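Chain residues, written in single-letter form:
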Amino acid sequence: GNGYEVYFGDNIVGKRPVHDSAIIANIFETAGRNGNGVADFATNVTGISVFTTTSIASGGSDRESIDSVRNNAPLFFQTQGRAVTARDLASTVRQDNSGLVSTAWGGEDNTPPQYGRVYLSAMGSEGEEISDGQKESIVTLMRKKGVVSILPEFVPPNYLNVVLDGSITVNLNETNNSLEAIMGMIQGYIANYPLNRFNTSFNYGEFSVGLRLLEPAIMGDTITARITKNFEASAADPITALSFGVDNPLADSGGLIGSVLESSDILIEDGDDVEEIYLKDDGTGGIIQYRAEDGSVKNTNVGAVNYETGYVHIDNFNAIGDFSIELRPDSNSIMARNATVLTLVDGGIQLI
């Protein structure tokens, strides 16, 4: 039921109050995750100093739901305070940090395999990145609870966007809704699609079936999925090289330039000059740098893309502005494993 109950003991276990005693109970209720992000404090009381925080408040979460307790309680009991398997480790981190979700895997599942290691990734309950302090706390916990001979390592979540474009066929004779209303249904379906979690892949077949169930007028689709990763850079915090993987095989390039990898325009600093460039794969696994101003080749050797594994390495540039890199996968269904977290994005779907 609602409210609170107070129990008293019998003076053997607990305290038995004397009859007609006045009982005063103080109840403190936190703000849950609403307390996250607090960094500045102030006072109007003379003589009271205000200290500056070294990191913002984080890790707060709302009360755990009944479904969450049902799922986590058996795992917490099973670990018994130690982490022998990767699953134990993920459970231990969730138990010690109630505001986080986590996943763990053995190094043998990496590409290439890294035997004798265990990896863990974690994020906030809403999919947000965690603070450096939380990462350090997790690494300390991993070393304390894990097996001595197994080297633990924290891996930041690999956030990837699954960008959908193409067309959806609609027969307006089958509905009283307008095209605008149907498009609103589709956009809501995409925005609320249940991804944004660890080990949650995008199954195009399931997505397409759900799309048709939205509205009788929807007859089919010719949607294509792309994988996009976003990067943040500035003059104060430039990117001079990057490596990332998408854990999915990429499409056959057919030897065509730009058929698999293409970037947005990237603001770079080259000596004293600042200019915009963009990147494309060369059709054989290399990456070419082009000048955005006229499309001319600036550099033919700035990295490589592995079409079989989806691993990308880029260097020989000094990015000082945000940019994204888009990859064409081998399939519309995108797998998410280990640290990968997928988000579904409408990349310009049209109704016909």
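The present account deals with the structure reproduced in this document. (Residues numbered from 1 in each chain as written. Predicted model: local features only at pLDDT ≥ 70, side-chain atom pairs only at ≥ 80, totals over all residues. Heavy atoms only, no water.)

Quick look at the overall build of the protein
Helices and strands together make up the secondary structure of the protein, namely five helices and 18 strands. Considering only contacts in the protein between residues 6 or more positions apart, those separated by 24 or more positions represent 63%. Summed over its atoms, the accessible surface of the protein is roughly 20,800 Å², and 49% of this surface lies on carbon and sulfur atoms. (Helix = DSSP H or I, 4+ residues; strand = E, 2+ residues; numbered from the N terminus. Contact = heavy atoms within 4.5 Å. Areas by Shrake-Rupley, 256 points an atom, 1.4 Å probe, with all protein chains shown as cover.)

Regarding the environment of leucine 256
Mapped onto the elements of the fold, leucine 256 is located in the loop between β8 (242-245) and β9 (261-263). Residues leucine 256 and aspartate 282 lie 26 residues apart in sequence; the distance between their C-alpha atoms is 6.8 Å. Those residues in contact with leucine 256 that sit more than four places away from it in its chain are Asp281, Asp282 and Gly283.

Some details on the sheet that holds β8
Here we have three strands laid out as an open sheet, ordered β8-β15-β14, and antiparallel in their pairing. Lying at the two open borders of the sheet, with one neighbouring strand each, are β8 and β14 (303-306). Looking at each pair of strands side by side, their axes are set apart by 5° on average, direction ignored. Taken together, the four bridges between β8 and strand β15 (residues 311-314) define a ladder with antiparallel strand orientation. Paired with glycine 245 across the strands is tyrosine 311, a residue of β15. (Pairing = 2+ DSSP bridges. Axes fitted to C-alpha atoms, helices over the stretch in contact; angles between N-to-C directions.)

Structural notes on the sheet that holds strand β1 (residues 100-106)
Pairing is mixed across the open sheet formed by three strands, whose spatial order is β1-β2-β3. Every other strand in the sheet has two partners, leaving β1 and β3 (151-154) as the edge strands with one partner each. Along the sheet, successive strands turn relative to each other by an average axial angle of 25°, direction set aside. Alignment of β1 against strand β2 (residues 117-124), held across seven bridges, turns out to be antiparallel. Each residue of the ladder has a partner; that of glycine 106, found in β2, is valine 118. Sheet contacts for helix α3 (residues 132-145): β1, β2 and β3; angle to β3, the most-contacted strand, approximately 165°.

Focus: unusual backbone geometry
Phi at aspartate 20 is positive, roughly 70°, even though this residue is not glycine. Tracing the sequence through the fold places aspartate 20 in the segment before α1 (66-79). Residue classification places aspartate 20 among the exposed residues on the basis of a relative accessible area of 70%. (Buried < 20%, exposed > 50% of the residue type's maximum accessible area, 1.4 Å probe, protein only.)

Regarding a nonpolar patch on the surface
A cluster of nonpolar side chains, Val6, Phe8 and Ile23, forms an exposed patch at the surface whose accessible area comes to about 310 Å². As for its position among the elements, valine 6 is in the segment before α1. In this structure valine 6 comes out as exposed when scored by relative accessible area, which is 56%. (Patch = residues over 30% accessible without salt bridge, like charges linked within 9 Å, V, L, I, M, F, W, Y side chains within 5 Å. Salt bridge = Lys/Arg side-chain N within 4 Å of Asp/Glu carboxyl O.)

Re the packing of helix α4 (residues 179-191) against helix α5 (residues 204-214)
Look at α4 against α5: their axes get within 10 Å of each other, and the N-to-C directions meet at 145°. α4 and α5 meet at a crossing whose hand is right-handed. Of α5, the residues touching α4 (which contributes Met185, Ile186, Tyr189 and Ile190) are Glu206, Phe207, Gly210, Leu211 and Leu214. Class assignment for the residues of the contact of α4 with α5 results in seven nonpolar, one polar and one charged. (Left-handed = near helix turned anticlockwise from the far one by under 90°. Nonpolar A, V, L, I, M, F, W, Y, C, P; charged D, E, K, R; others polar.)

What to know about the layout of surface pockets
Each pocket or cavity is described by its volume, and for the largest pocket that value is around 1,200 Å³. In terms of lining residues, the largest pocket is bounded by 36 residues, among which Pro156, Asn158, Lys229, Phe244 and Gly245 are the most central. Only β4 (158-165), β7 (224-231), β8 and β17 (340-346) provide two or more residues apiece to the lining of the largest pocket. A class-by-class count of the residues in the lining of the largest pocket yields 16 nonpolar, 13 polar and seven charged. (1 Å grid on protein atoms, 1.4 Å probe; cavity = no way out; pocket = protein on both sides within 12 Å on 5 of 7 lines; lining within 4 Å. Points joined across faces, edges and corners; volume = space filled by probe spheres on them.)

Some points on α4
Helix length check: α4, at 13 residues, gives a terminal C-alpha distance of 18 Å against a target of 18 Å (1.5 Å per residue), a fit within 8%. Ile182, Met183, Ile186, Tyr189 and Ile190 are the residues of α4 that are buried. Taken around the axis of α4, the buried residues stretch over an arc of 120°, which confines them to a single face. In this structure, α4 carries Glu180 and Ala191 as exposed residues pointing more than 90 degrees from its buried face. Contact partners of the buried residues in α4: β4, β5 (167-170), α5, β6 (218-221), β17 and β18 (350-351). (Expected span 1.5 Å × (residues − 1). Arc of directions from axis to C-beta.)

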